[in-house]
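Spelled out from the first residue to the last, the chains are:
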Amino acid sequence: MEKEIIKQLQNKETPLYYYDLPLLRKTLNTAKAEADKYRYKVHYAIKANNNPEILREISKLGFGADCVSGYEIEVAIQNGFNKNEIVFAGVGKTDKEIITALNCEIMTFNVESVQELEVIVQLSEKMKKNAQIALRINPNVDAKTHQYITTGLDENKFGIMTHELDTCLQIVETSRFVQLVGLHFHVGSQITDLNVFKRLCVKVNEWNMWFYERGYDIPVLNLGGGLGINYSEPDKESVVNFAGFFQLFDEFLEARKNQEIHFELGRALVANCGSLISRVLYIKNGLKKNFAILDAGMTELLRPALYQAYHKIEKVEENSENLAPEKYDIVGPICESSDCFGKDVVLQKLKRGDLIAIRSAGAYGEVMSMRYNLRQEFDYFFKE
Ligand SMILES: *Cc1c(COP(=O)(O)O)cnc(C)c1O
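The structure displayed is predicted, hence computed values, not measured ones.

Visitor: Tell me about helix α2 (residues 21-36), residues and numbers included.
Guide: The end-to-end C-alpha distance of α2 is 22 Å, a good match for the 22 Å that 16 residues give at a rise of 1.5 Å each. If you check which residues of α2 are buried, you get L21, L23, L24, T27, L28, A31, E34 and A35. Down the axis, α2 shows its buried residues gathered within 165° of arc, on one side only. Against the buried residues of α2 lie β1 (16-20), β2 (41-45), α3 (52-60), α9 (242-252), α10 (267-270) and β16 (379-383). The backbone nitrogen of L23 lies 3.0 Å from a side-chain oxygen of the residue at the head of α2, namely D20.

What follows is the structure, encoded as structure tokens:
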């Protein structure tokens, strides 16, 4: 971090979310350029980060939006996304949310069950509004990621069970307002093994053929998101290998010439541009451990407590004196033992007041913050 920025941070109250906008733009531009090579369309998964500054950067560059609630649809539109480039996913869409989406005339509902499809049919009839839908198919591909962020297995709650696809087709056939325009897949998040996406392609090819053989030339294949980032080396690999990702689909996906290919990326676009900046409140020397107690906790960044996620932890300013490194458990102030950002973290000796950066917190960070313990609201710093 530049000296000038460190100085500014030292004068700010903590905790705060720090966003590196030049890095965000570089990431977005790279993703866009690589996707454009194959005329792929990328929708940004708003749930990863809905900070308006971030949303406007993303919508400006021509990304669509992937929303998982009615209010996300409204926020997307408020922040510059085109309503006809919005897709709406989620296993539990309420009637009110479906009505919002119909009124906004979004591009596609990613439908996750027969029951949901029936409600969309009823509401579209009642409102006399067209609804384009994609069927979310659960391809039974193991994302090989944390069990809480694996979504594409038969035992997961997501997507339509494949034995119900015929029923879905019958329902669509009889509806005047609902149109089947896409097949949708999303197998999980933080996927770093690209072989997972190869296996996904194999399944998508099979389902694409299944529909084609039944006379459905589906215009859109939506491959979802899930591309992971390197949490251990946020500086070495600050921008994800989008070239390799899209090239894999170009190689393994057997789409017909007229078919559009869509993606829904969240984490890969925004994770690395964000850090949670916090101050050391106390150094507590336990019998077995040293604890560095921060003024940020699971209330600001939940991922470590929620799924033992790893975030790189750094001292913002290394002291010039040659302080010996020490081992710390870096913990927050909340009375939960899971309120811990890292165990046995080796850092140059810490003292009260030192600034700490918890890296790669741009995705599923700020959005998961909460008011537990009636914590004070945090501040922001945008690097321009
Ligand atoms: C969360 C989600 C995404 C984005 O996942 P990332 O891992 O952040 O890329 C895309 N599509 C759907 C349906 C999702 O639920």
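Now that the structure is up, let's keep going.
Visitor: Describe the sheet that holds strand β4 (residues 86-88), listing the residues and the values that go with them.
Guide: As summarised here, the arrangement of the eight strands in space is β2-β3-β4-β5-β6-β7-β8-β9, forming a closed barrel in which the pairing is parallel. Strand-to-strand twist of the sheet, defined as the mean angle between neighbouring strand axes without regard to direction, takes the value 30°. With six bridges joining them, strand β6 (residues 131-136) and strand β7 (residues 178-184) adopt parallel strand pairing. Across the sheet, residue Q132 finds its bridge partner in β7, namely Q179.

Visitor: How would you summarise the pairing of strand β3 (residues 64-67) if you had to cite specific residues and measurements?
Guide: Where a strand is regular, its side chains alternate between the two sheet faces. The alternating pattern of β3 places G64 and D66 on one face and A65 and C67 on the opposite face, and all of these are buried. Between β2 and its parallel partner β3, the chain crosses via α3, and the hand of that crossover is right-handed. Looking at chain direction, β3 and β4 are connected through three bridges and run parallel. Bridging across to β4, C67 finds its partner in F88. Remark: the β3/helix α4 (residues 70-78)/β4 crossover connection has right-handed handedness.

Visitor: Give me the lowdown on the site of the ligand, citing residues and values where you can.
Guide: Taken together, 15 residues lie near the ligand, and K47, S189, E264, R267 and Y364 sit nearest. The contact in question runs from an oxygen atom of the ligand to an N or O atom on the side chain of K47, over 2.7 Å. Residues of the shell around the ligand, tallied by class, amount to four nonpolar, six polar and five charged.

Visitor: Kindly report on the pairing of β2, identifying the contributing residues and their values.
Guide: Across the five residues that make up β2, a large majority, five, are buried. Burial along β2 is two-sided: the residues K41, H43 and A45 and V42 and Y44 are all buried. With four bridges connecting them, β2 and strand β9 (residues 260-265) associate as parallel partners. Bridge assignment links V42 to a residue of β9, and that residue is F263. Pairing analysis gives three bridges linking β2 to β3, with the strands arranged parallel.

Visitor: Please provide a residue-by-residue account of the packing of aromatic side chains, values included.
Guide: Applying the stated criterion across every chain, the model contains 20 aromatic pairs. Consider the rings of F211 and Y216, whose centres lie 6.4 Å apart with planes at 80°: the pair is edge-to-face. The two residues F211 and Y216 agree in class, both being buried. Feature note: the residues Y38, Y40, F197, F245, F246, F249 and F263 constitute an aromatic cluster, connected by ring pairs. Its end group placed over the ring of W210, R214 keeps NZ or CZ at 3.7 Å from the ring centre.

Visitor: So, the layout of surface pockets: which residues are in play, and what are the values?
Guide: Taken as a whole, the largest pocket holds about 600 Å³ of empty space. For the largest pocket, the lining is made up of 27 residues, of which K47, V68, T151, F158 and H186 are closest to its centre. Of the residues belonging to the lining of the largest pocket, the class tally is 11 nonpolar, nine polar and seven charged. When residues are assigned to domains, the lining of the largest pocket turns out to be shared by domain 1 (3-15 + 272-383) and domain 2 (22-270), each giving three or more.

Visitor: Lay out the domain arrangement of the chain with the relevant residues and their values.
Guide: Here the chain is partitioned into domain 1 (3-15 + 272-383) and domain 2 (22-270). The C-alpha-based centres of domain 1 and domain 2 are spaced at 33 Å. At the interface, 22 residues of domain 1 touch 22 residues of domain 2. When domain 1 packs against domain 2, close to 2,100 Å² is buried across both sides, 55% of that on carbon and sulfur atoms. Linking domain 1 with domain 2 are one salt bridge, by the criterion used here. Across the pair D235 and R359 runs a salt bridge whose closest N-O atoms are separated by 3.0 Å. Along the contact surface separating domain 1 from domain 2 lie nine residue pairs in polar contact (both at pLDDT 80 or more). Of all elements in the fold, only α11 (303-307) and β16 reach the threshold of two or more residues within the side of domain 1 that touches domain 2. Looking at the side of domain 1 that touches domain 2 residue by residue, the classes come out as nine nonpolar, seven polar and six charged.

Visitor: Tell me what's going on with the pattern of salt bridges, and back it up with residues and numbers.
Guide: All told, the structure shown has 22 salt bridges when counted by the stated rule. Where K383 meets E2, a salt bridge forms, and the shortest distance between an N and an O atom there is 3.1 Å. Of this pair, K383 sits in strand β16 while E2 sits in the segment before α1 (3-10), and the two are 381 residues apart along the sequence. Note on K383: relative accessible area 16%, which makes it buried. Owing to a relative accessible area of 40%, E2 belongs among the partly exposed residues under this scheme. Salt-bridge contacts for K315 lead to D354; the nearest nitrogen and oxygen are separated by 3.9 Å.

Parameters at a glance
Residues numbered from 1 in each chain as written. Predicted model: local features only at pLDDT ≥ 70, side-chain atom pairs only at ≥ 80, totals over all residues. Heavy atoms only, no water. Helix = DSSP H or I, 4+ residues; strand = E, 2+ residues; numbered from the N terminus. Expected span 1.5 Å × (residues − 1). Buried < 20%, exposed > 50% of the residue type's maximum accessible area, 1.4 Å probe, protein only. Arc of directions from axis to C-beta. Contact = heavy atoms within 4.5 Å. Polar contact = N/O pair within 3.5 Å; in protein donor to acceptor, adjacent residues only side chain to side chain. Pairing = 2+ DSSP bridges. Axes fitted to C-alpha atoms, helices over the stretch in contact; angles between N-to-C directions. Right-handed = clockwise from strand over helix to strand, strands pointing away. Near = heavy atom within 4 Å. Nonpolar A, V, L, I, M, F, W, Y, C, P; charged D, E, K, R; others polar. Phe/Tyr/Trp six-rings, centres within 6.5 Å; stacked < 30°, edge-to-face > 60°. Lys NZ or Arg CZ within 6 Å of the ring centre and 35° of its normal. 1 Å grid on protein atoms, 1.4 Å probe; cavity = no way out; pocket = protein on both sides within 12 Å on 5 of 7 lines; lining within 4 Å. Points joined across faces, edges and corners; volume = space filled by probe spheres on them. Domains from an automatic or database assignment. Buried area = accessible area lost by both parts, 1.4 Å probe. Salt bridge = Lys/Arg side-chain N within 4 Å of Asp/Glu carboxyl O.

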